[in-house]
Amino acid sequence: MNYRHQLQQKEVEISHLKARQIALQDQLLKLQSAAQSVSSGAGGVPAAAASSSFGYGLSHHASGFHDDDMDFGDIISSQREINRLSNEVSRLESEVGHWRHIAQTSKAQGSVSSDQSDICKLQNIIKELKQNRSQEIDNHQHEMSVLQNAHQQKLTEITRRHREELSDYEDRIEELENLLQQGGPGIAGTDHSKTQEMQKTIQVLQAEKVESRKKIEELENKIKDLSKKLSSAENDRDVLRREQERLNVENRQILEECESLKLECSKLQPYSEKQSDTMTEKERMPQSLSVEEVFRLQQALSDAENEIKRLSNLNQDNNLAEDNLKLKMHVQVLEKENSLLNQEKEELHMSLSKLNNEYEVVKSTAARDVDLDSELCDLRRNLEAKEQELNQSITEKEILIAELEELDKQNQEATKHMILIKDQLSKQQNEGDNIISKLKKDLNDEKTRVHQLEDDKMNITRELDVQKEKLIQSELVLNDLHLSKQKLEDKVDDLVEQLNKSHTQNLSIQKENFELQEHIKQKEEELSRVRDELTQSLNQHSDSNFKDNLLKEREAEVRNLKQNLSEIERLNENLKEVAFDLKVENEKLNLACEDVRHQLEESLAGNSLIAVGKNAIVEALKLEKEQLEAELCQAEKRLLEEASKYEQTIEELSHARHSSTSALQLDHERLIKLNQEKDFEIAELKKNIEQMATDHKETKKILSSSLEEQKQLTQLVNEKEIFIEKLKERSSELQEELNKYTQALRKNEILRQTIEEKDRSLGSMKEENSHLKEELERLREQQSRAAPVAEPKTLDSITELESEINQLNIIKDNLEEEIKHHQKIIEDQNQSKIQLLQSLQEQKKEMDEFRYQHEQMNTTHTQLFLEKDEQIKNLQKTIEQIKTQLHEERPDVQTENSDIFQETKVQGLNIENGSEKHDLSKAETERLVKGIKERELEIKLLNEKNISLTKQIDQLSKDEVGKLTQIIQQKDLEIQALHARISSTSYPQDVVYLQQQLQAYAMEREQVLAVLSEKTRENSHLKTEYHKMMDIVAAKEAALNKLQDENKKLFTRFESSGQDMFKETIQNLSRIIREKDIEIDALSQKCQTLLTVLQASNSGNEVGGVNSNQFEELLQERDKLKQQVKKMEEWKQQVMTTVQNMQHESAQLQEELHQLQAQVLVDSNNSSKLQVDYTGLIQSYEQNETKLKNFGQELAQVQHSIGQLCNTKDLLLGKLDIISPQLSPESSTASQTAESLRTIKFDVSNESSKQEIEELRRSLQEKDATIRTLQENNHRLSDSIAASSELERKEHEQTDSEIKLLKEKQESLQKSLKEKDLLIKAKSDQLLSLNENFTNKVNENELLRQAVTNLKERTLILEMDICKLKGENEKIVETSRGKETEYQALQETNMKFSMMLREKEFECHSLKEKAVAFEQLLKEKEQGKTGELNQLLNAVKSMQEKTVMFQQERDQVMLALKQKQMENTAVQNEVQHLRDKELRLNQELERLRNHLLESEDSYTREALAAEDREAKLRKKVAILEEKLVSSSNAMENASHQANLQVESLQEQLNMVSKQRDETAQQLSVSQEQVKQYALSLSNLQMVLEHFQQEEKAMYSAELEKHKQLVAEWKKKAENLEGKLVSLQERLDEANAALDSASRLTEQLDLKEEQIEELKKQNELQQEMLDDVQKKLMNLVNSTEGKVDKVLMRNLFTGHFHTPKHQRHEVLRLMGSILGIKKEEMDQLLTEDQGGVTRWMTGWLGGGSKSVPSTPLRPSQQSLLNSSFSELFVKFLETESHPSVPPPKLSVHDMKPLDSPGRRKPDTSTPESFKDTAEFRAGRRTDVNPFLAPRSAAVPLLNPAGLGPGGPGHLLLKPISDVLPTFTPLPVSPDNSAGVVLKDLLKQ
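Criteria and thresholds
- Residues numbered from 1 in each chain as written.
- Predicted model: local features only at pLDDT ≥ 70, side-chain atom pairs only at ≥ 80, totals over all residues.
- Heavy atoms only, no water.
- Helix = DSSP H or I, 4+ residues; strand = E, 2+ residues; numbered from the N terminus.
- Contact = heavy atoms within 4.5 Å.
- Areas by Shrake-Rupley, 256 points an atom, 1.4 Å probe, with all protein chains shown as cover.
- Phe/Tyr/Trp six-rings, centres within 6.5 Å; stacked < 30°, edge-to-face > 60°.
- Buried < 20%, exposed > 50% of the residue type's maximum accessible area, 1.4 Å probe, protein only.
- Lys NZ or Arg CZ within 6 Å of the ring centre and 35° of its normal.
- Axes fitted to C-alpha atoms, helices over the stretch in contact; angles between N-to-C directions.
- Parallel < 35°, antiparallel > 145°, perpendicular 65-115°, else oblique.
- Left-handed = near helix turned anticlockwise from the far one by under 90°.
- Nonpolar A, V, L, I, M, F, W, Y, C, P; charged D, E, K, R; others polar.
- pLDDT = per-residue confidence, 0-100.
- Patch = residues over 30% accessible without salt bridge, like charges linked within 9 Å, V, L, I, M, F, W, Y side chains within 5 Å.
- Salt bridge = Lys/Arg side-chain N within 4 Å of Asp/Glu carboxyl O.
- Lys, Arg positive; Asp, Glu negative; His and termini not counted.
- Charge placed at Lys NZ, Arg CZ, Asp CG, Glu CD.
- Core = buried A, V, L, I, M, F, W, Y, C linked by side-chain atoms within 4.5 Å.

What to know about the overall build of the chain
Summing up its helical and strand segments, the chain has 27 helices and zero strands in all. Taking all contacts inside the chain whose residues are at least 6 apart in sequence as the whole, residues at least 24 apart take part in 88%. Split by element, the accessible area of the chain, about 120,000 Å² in all, is 55% carbon and sulfur.

Next up, the structure:
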């Protein structure tokens, strides 16, 4: 676009120059004519045009150098331009001097002012250039200084940091070496092998350090190499500088040559010295400026060299802006390497610190080889980790080396670029040399040509002047024609393009129409489907009316869409018609163009003819010249004749020229007018097409939106059908489940019945048990009564009872198991019930939700349909508007602004429609959100209600549980009672012994239970710890899941934010577009107002015509508006490009997001690995726990064995204690013996006698002696046993204390273990977080690297673009050169013509001088003086030769000057182009520099921050590792101590076991003696063990029961919570229903109140009606009873006037009027009453209120012979014609009585009124209301009370509006008045 624009500018400049050339030629002609006139007056020198034309073009190049950094090629080219300009300035000075001198001689002072103005312009241009250059130099120096300062600051900071870090590291290394030297001898004594290994590792690390130093040195060497390469590049630049100096020398030489030429000119023209001095000063200024520029550049290069030296010292370099970027990259790489080395050093420090710690550990744990092995393993791991880190560092170094290589490549590329620039400069130099050589050749050629042309110039003078004038005029006309032709061609091209566009638009519209038709067909098919589905759903559901309405609405929509389609088709047809019109106009324009071409061809033919004529004239002139030389004598006559002829020909030609030019001007004006009209028509057509396109787009959008909405509706309907099907399936499934659960309930009821039966059997068993207890008590009493005889019976009964008790226990156990089973069944059934209820509630919820959704959908559907109707209406409105616009456009195409206004209106409407759509969609979303919020509130309320209900259910279940617990307690009481029975069976003396043993066993059991409880506590504690660990793991997993979810959310949010961004941008664009539309509206209104003003002015000034100024202003405003529109379009394109850029950026961001997701996956993998490690640790921990448990079990076994020994010891002591008191007192022994004998007798047999007892007594006495001896032995044994028991007790106490200590130690170890675990967890968490941070930093670094690479790629791309732009610029320069060559050719022709002119002038002067000389010769011949003639001739010849020489020199100088001017203009154009290029490229470079500087700053900051963070993290990791090592050492120490303690305990246990063995040997003797007791003891122990087992089983069973109960209750609680939630939801629904019901009741109450009020109003109105009816009836009665007085008077008088034989008829008529029956009248007539009193009283009964009519006159007595009926008819006729005209009745009051307005309220009117109304209406249906009486025709009150005028009485209204006013006619109800009266009434 820029290049096209530049080309257009060039073409415009060329056209301007051509016009300027023509103008200058005109000026030259005028000056020549002036000079001729002067010369004719006095023989002076001819005048010529000033050199103002040659100064043209300089003003274009006053822009100056705006940019800072200029290449050498640019500098050289600028110097060349300066030199050329200086040369041209010098030439112009000489020209100016020459022409000024001529002007002074010819006294043409008008040209001087133009020269002065040109000089002023040039001076101003030079000043501006100087100022611009100085500003550019200042800016460049300022920027260079800023960059240098910033770079120096950065370098100083980096070096300072580097030195500080190096010093810190050296100090640390020295400290660590000192520590190693100090710790060396102390450790050497303890462990030489370990120290050697450590020394080896240190050596390895030192070797690595040395290697890293070597690598650093290598990198420094590489940097030095780079600096060397940069110095070589500097040398190249020095070489280029030398070349530049050489070129400057050459330029100076050229300047010197120019100065020599100037000196020659000054010799010829001495009077131009002053002006040349001024101009040489002007020359020196640019030269000095160029020198200053060279010095400035040299200084800048020297500064750059100094900077490079400084930077090479600091391993950096700073050469130029490009090298600066590379250096910064090097600095970053070195900083990264430095940071890596620092990290390695820190790691070495950490390893040294670890080694010191390990030395200390070695000192403390010298004797423990196990610890040494573990430490060796740790050291090996550390070494492996260090090796890995070394490998990583090596890989990083390799990466850095690769980056350095890349940088080297870039440096090489830069050097190549420099070489290319050098080659280009050399090429430019060669081209310059070639150009100079060519110019020299051209000068020589032109000199030769000048010599040749001088001979021809002398001959052709006046003819050429005339022909030149003609040529100039023809050229002007030709140029105008060319311009008009070009314009017309452009317009034709535009029209063709518009036609093509319209064709494409028509095709696209047709395609869209076809697509729309297809869409419509699809939609019709979908509609038919939807109708079928709707009919099906209508059959299923009762909502038929609503769906019919939906169908009707859809059909209406389809009709509307069809109508819209038909309208669009009409619009398409209209478009086609418009396109056809355009084609027709195009053809017309083509014809006009062809006509113009024909005219051009004709004019060219005319020109060619003129040229042929010119050639012929030239030949004739040559012949005449020869004749002149031959015939000198006849020269005067012939010259005079030729002069007269030439004057005549000039006059003729001028006349012809004027006529031809006037005709051409007229044609040209006509063509321009036609062109303008066509432009207007084209603009109007364009606007129409744009309108149509916009309308079409809007209709398309609307149709697409409607189609999408229809699709959405169909989808919703399908979803609803799927929902209904799912609900049906659900309901069937629920029914099946209900059946199952009903069956389960039945089973439950059966089980309950069985449980109740079992309970009854239990009660019977309890009763039996109580009976047995009573029997046992009786038996005991019998035993106590019956002494020895009953004893065997009691034993039998005891055994029987024991067996029964066992049986009962078995039965009881069975029953308990059954109870448990039934309880389980009941609980399962309860659970199933709860689940059923939950499922039912859920289904109800779902049903409610589906109903609610259905209702919502219905509401949304209705809303959507309403919105669609509104949209359709809006569309119809817009279509109608478009139609109206089209109709308006067809008749008058010229009214532009009105169309624009309408278009803006339509756009506004469309915009409003779009906004309405948006608002509607927003409203829908807001409604949905409100509905969701309401649902959430309802759910909350239901949850609360559910909780309350679950509480109630819990209370009920607690009651049930309480009942069950009571039953269990009763069972426990029964068991205890049975135990009491067993224990309370009266054994004799052994019972006490057994009780003692029981107590001892109880004590043992308590001890064992205590131990068990402790173990269970420990187990529970461990379990809680395990659960805690699991919870922590679960929490971590949850955190991970949360993080993943957050990542997903962020991803979705990012996408939505991207979309939101796009939406926001689109909204902003739409807003801006609206604002612009408003502006366009305002402008269109302004145009309309201007048009109206114009029209008004036209109407005012019909004679004068349109005001031209106003019209021009309007045109200017239109142009401005067009420019604004173009700007707006460009801005729209920019916005579109920004949107596209945003999309690209969003795509990049999405890629980054994908990368982040990949990193998240890597992190999750790491976390999974850590979890695996953690599970391994947990497993090891559990193994340790199992080991501890095993140790505890062994301890418990030991304690149990000790307890058993203690028990045996206690038993023996108890036996001895029992035996010792038996023997001490004899009496007591006797009684005891008696008792013992009894027991023995009980044991041995039941059939002994008294004799045997006596024998036994004797034997007892013998036994007493033996017992005494045994007692003595027992005493001894008891003493020894007491001693041994004391020893055992002491040992017991010792062991107890040791066990306590061990327990305490174990607890402390467990605590420490827990603390260590917590520490490990915390450290692992910290490690995870640190790893995550580290990975994040690594990722950030990678991203930054990627960004750097992207920037590099961008820079490369930009360089490529710059190269492309350079190539394109070169092409443009070539094209411009071509144009300039054309221009030069034109200028050369111009020059030739001017030279020819001068030559002709000179020849004319010479001819005049020759004529004078010839005259003198003739005179001298006459006188006879031939010698003087010859002298004069010689003098004339010499003068002629001199003049010819002067003219040749002058012409050469002029040609050279003009050529230089041409070159100057070309160079200036090139300079302009190059400056524009430089501006653009420098702006881009500055932008890129700023961007790179900012990015580098940010990268350096981030890199430094990352290094600091890494250092901190490394330190933290080291501290954590140290803590871990110390904690592991402590753990190992603790475990070792625990092992030692266990070993000591085992030794003590061995000692105890030995002692136990010894005591067992000692006791073996006593055990033999006590075997008899042991047997009985063993029996008792068996029984006790049995009881203990049973008790244990009971306890365990009860525990399990309780656990199960707890679990079941928990489940129940959860189920009940679910129920509560569901019940709460139900309650919320019920509350909602109640609220709605309360609202409805309120509404009903309001309605009832309204109804009551209305009833009251009704009653009041009915009362009013009744009153009115009564009044009416009274009126009717009163009026019906009365007769008209006037009528009766007339009848009375008529009776006496009638003949006597007809008087009875008159009487009958009167009777019928008065209501007397026929029979009564006959009777009255038959009776021959003579008196008139009775008859008169009957007549005068009542008067009439009717209007009095004209009575019969006495003049009518001639008619008495006629009958009375005839007279009566006449009377009625006179009465029926009133004198007053009939009144105008209103249409409302003329309503019939059966009108619909009066039918409805008839229900409320009373029946009496109805009857009367009906009677009257029925009786007088056929009567004309104008003839009927008031009572029948118009009632006084409307029956409804609400007529057209509202409620109110008719009497209150004005008479003219309501009631007809006419004379009433009395009509008899009977038909006895005759046929005439009936006929009258019928009328």
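Observations regarding the packing of aromatic side chains
In this structure the tally under the stated criterion is two aromatic pairs. Arranged with centres 4.7 Å apart and planes meeting at 55 degrees, the rings of Phe-723 and Phe-850 form a pair that is tilted. With a gap of 127 residues between them, Phe-723 in helix α10 (residues 635-785) and Phe-850 in helix α11 (residues 791-889) connect regions that are remote in the sequence. Its relative accessible area of 28% is what places Phe-723 among the partly exposed residues. For the ring pair Phe-1692 and Phe-1696, a centre distance of 4.8 Å and an interplane angle of 80 degrees mean the geometry is edge-to-face. Taken as a pair, Phe-1692 and Phe-1696 lie in helix α19 (residues 1685-1697) at a separation of four residues, close to a single helical turn. Its guanidinium or amino end placed over the ring of Phe-723, Lys-726 lies 5.9 Å from that ring's centre, counting from NZ or CZ. Here the basic side chain of Lys-1612 rests over the ring of Trp-1609, its NZ or CZ set 3.7 Å away from the ring centre.

Here we look at the packing of helix α20 (residues 1703-1714) against helix α21 (residues 1718-1726)
One can describe the packing of α20 onto α21 by two numbers: an axis separation of 10 Å at closest approach and a directional angle of 140 degrees. One way to sum up the angle between α20 and α21 is to call them oblique. Read as a crossing pair, α20 and α21 show a hand that is right-handed. Contacts between α20 and α21 pair His-1704, Leu-1707, Arg-1708 and Gly-1711 from the former with Met-1721, Asp-1722 and Leu-1725 from the latter. Here the contact of α20 with α21 is composed, by residue class, of three nonpolar, two polar and two charged.

Some points on the confidence of the model for the chain
Of the residues in the chain, 80% have a pLDDT of 70 or more, and the chain-wide mean is 78. The secondary-structure element of the chain with the lowest mean pLDDT is helix α25 (residues 1830-1833), recorded at 40, while helix α18 (residues 1571-1681) shows the highest, at 90. This model gives residues 1223-1231 a pLDDT under 50, and the stretch forms eight contacts once residues within four places in sequence are excluded. The low-confidence segment residues 1780-1848 (pLDDT under 50) makes 73 contacts with residues lying over four places distant or belonging to another chain.

Points about the environment of Leu-937
Along the polypeptide, Leu-937 turns up in helix α12 (residues 896-984). Taking the C-alpha atoms as reference points, Leu-937 and Asp-1628, separated by 691 residues in sequence, lie 9.0 Å from one another.

So, a negative patch on the surface
A grouping of Glu-774, Glu-775, Glu-777, Glu-781, Asp-796, Glu-800 and Glu-804 is seen on the molecular surface, where their side chains present a negatively charged patch. With four residues, the top contributor of residues to the negative patch is α10. Within the secondary structure, Asp-796 is located in helix α11.

A short note on the packing of helix α7 (residues 369-459) against helix α16 (residues 1250-1423)
The interhelical angle for the contact between α7 and α16, taken along N-to-C directions, is 10 degrees, at an axis separation of 12 Å. The pairing of α7 with α16 is recorded here as roughly parallel in orientation. Of the residues in α16, those in contact with Glu-406, Gln-410, Leu-453, Glu-454, Asp-455, Asp-456, Lys-457, Met-458 and Asn-459 of α7 are Lys-1352, Met-1395, Met-1396, Glu-1399, Lys-1400, Phe-1402, Glu-1403 and Ser-1406. In terms of residue class, the contact of α7 with α16 is built from five nonpolar, three polar and nine charged.

Structural notes on the side chain of Gln-710
With respect to the element layout, Gln-710 can be found in helix α10. Given the relative accessible area of 16%, Gln-710 is considered buried. Not counting residues up to four positions away in its chain, the partners in contact with Gln-710 are Lys-523, Glu-557 and Leu-561.

Structural notes on the pattern of salt bridges
The tally for this structure, following the rule as stated, stands at 32 salt bridges. Of the charged contacts, one joins Glu-555 and Arg-531 as a salt bridge, the two residues approaching to 3.4 Å between their closest N and O atoms. Here Glu-555, found in helix α9 (residues 544-630), pairs with Arg-531, found in helix α8 (residues 462-540); they are 24 residues apart in sequence, far enough to count as distant. Among the residues examined, Glu-555 registers a relative accessible area of 26% and is labelled partly exposed. With its nearest N and O atoms 3.3 Å apart, the salt bridge here joins Arg-1377 to Glu-1470. With Arg-1377 in helix α16 and Glu-1470 in helix α17 (residues 1426-1569), this pair connects stretches of sequence that are 93 residues apart. Since its relative accessible area comes to 42%, Arg-1377 is described here as partly exposed.

Notes on the environment of Glu-1521
Turning to its location among the elements, Glu-1521 is positioned in helix α17. The exposure class assigned to Glu-1521 is partly exposed, which follows from its relative accessible area of 30%. In this structure the C-alpha to C-alpha distance between Glu-1521 and Lys-354, which are 1167 residues apart in sequence, comes to 8.7 Å.

Describing the nonpolar core
Grouped together as the largest cluster of nonpolar side chains are 10 residues: Leu-1687, Met-1688, Leu-1691, Val-1706, Leu-1709, Met-1710, Phe-1764, Phe-1768, Phe-1771 and Leu-1772. When residues of this core are traced back to their parent elements, those giving at least two are α19, α20 and α23 (1764-1776). If one sorts the elements of this core by residue count, α23 sits on top with four residues.

A few points about a positive patch on the surface
Positive charge collects at one region of the surface, where Arg-172, Arg-1509, Lys-1512, Lys-1515 and Lys-1516 lie side by side. No other element matches α17, which puts four residues into the positive patch. Its location among the elements puts Lys-1512 in helix α17.

Some details on a nonpolar patch on the surface
On the surface, Leu-964, Ile-967 and Ile-968 cluster together into a nonpolar patch covering about 200 Å² of accessible area. Considering the arrangement of structural elements, one finds Ile-968 in helix α12. Residue Ile-968 is classed as partly exposed on the basis of its relative accessible area, which comes to 37%.

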